[in-house]
Amino acid sequence: MLRHFFLIAAMLLIGGCGDVAKLVNQTKVVAAPREQVFAKMFGDGSTFTGLPLVTNGGSDRLYELVVEKSDPEWAMVAPKERPDAYKVKIAVQMDIPREAHLLYSVDDGAIATGLKFNFEELAPDRTRVTFQIDELTGHDTKGIAVNTIKLHQIASDALRKLDDFDEVKEAS
């Protein structure tokens with residue numbers, strides 16, 4: 001199931017034509033400790049069952065899924081903007097409980113982007129969660145742009161998991 005989530009997320013990360021648009025960060029502050037907020041959004045790691053764990057443990061983790069042209073799942077992730085692509089990598093890089101970064105790469109960085117969540121501890125019982133969309137990078141990005149609408153949708157869905165916590169209004 002998670003494998004399908006990553007495949008869908010990858011398809012949504014790249015899309016459209018034109019220049020890369022400037023993106024606005026979004027923020028949510030909740031009345032809960034940072035560790036609880038991180039756990040609510042990303043679970044205890046069981047969320048990534050089926051993905052190979054690349055690191056040796058600790059608070060830093062890297063989960064990746066690599067789909068190559070010869071794999072049966074290729075049709076689900078093949079980038080339409082790059083028909084000659086041979087590999088798509090989707091990774092989740094975590095620095096628990098400080099940040100989580102969803103990374104998307106085509107052909108070893110020819111096209112790359114991502115979605116990063118930061119968890120800032122404001123007080124022992126207050127946490128600010130922000131997300132930002134990475135700029136499109138790589139040597140083969142001409143004529144394509146990040147599908148920002150879909151990435152904002154993915155981020156908003158992730159932030160909705162925090163609705164169980166009381167939201168804190170920040171001073172203006």
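Scroll up to find the structure this text is about.
Presented here is a report on the structure given in the accompanying data block.

Conventions adopted
In this convention, every chain numbers its residues from 1, walking through the sequence in written order. Selection of residues for local features in this predicted model requires a pLDDT of at least 70, selection of side-chain atom pairs for listing and counting requires 80 or more, and totals for whole chains, interfaces and linings are taken over all residues. Note: side-chain values were computed over all heavy atoms of the structure, leaving out hydrogens and water. Any two strands with at least two DSSP-identified bridges between them are counted as paired. Segments assigned H or I by DSSP are reported as helices when at least four residues long, segments assigned E as strands when at least two residues long, and all are numbered from the N terminus. Convention adopted: a line fitted to C-alpha atoms gives each axis, helices being fitted over their contacting stretch, and angles between N-to-C directions are expressed from 0 to 180 degrees. Relative accessible area decides the class of each residue, using a 1.4 Å probe on protein chains only: under 20% of the type maximum gives buried, over 50% gives exposed, and in between gives partly exposed. Relevant arc is that of directions from the helix axis to the C-beta atoms, nothing else.

**A short note on the sheet that holds strand β3 (residues 87-95)**
And step 1. Across the sheet, 6 strands lie side by side as β1-β6-β5-β4-β3-β2; this open sheet has antiparallel pairing. The open sheet has two edge strands, β1 (26-30) and β2 (60-68), and neither has a second partner. Between one strand axis and the next, the sheet turns by 10° as a mean value, whatever way the strands run.
And step 2. The sheet contact formed by β3 and strand β4 (residues 99-106) spans 8 bridges and is antiparallel. Following the sheet pairing, Ile90 is matched in β4 by Tyr104.

**Looking at helix α2 (residues 34-42)**
And step 1. When we look at burial in α2, the residues that qualify are Arg34, Val37, Phe38, Met41 and Phe42. Down the axis of α2, the smallest arc covering the buried residues is 105°, so these residues share one side.

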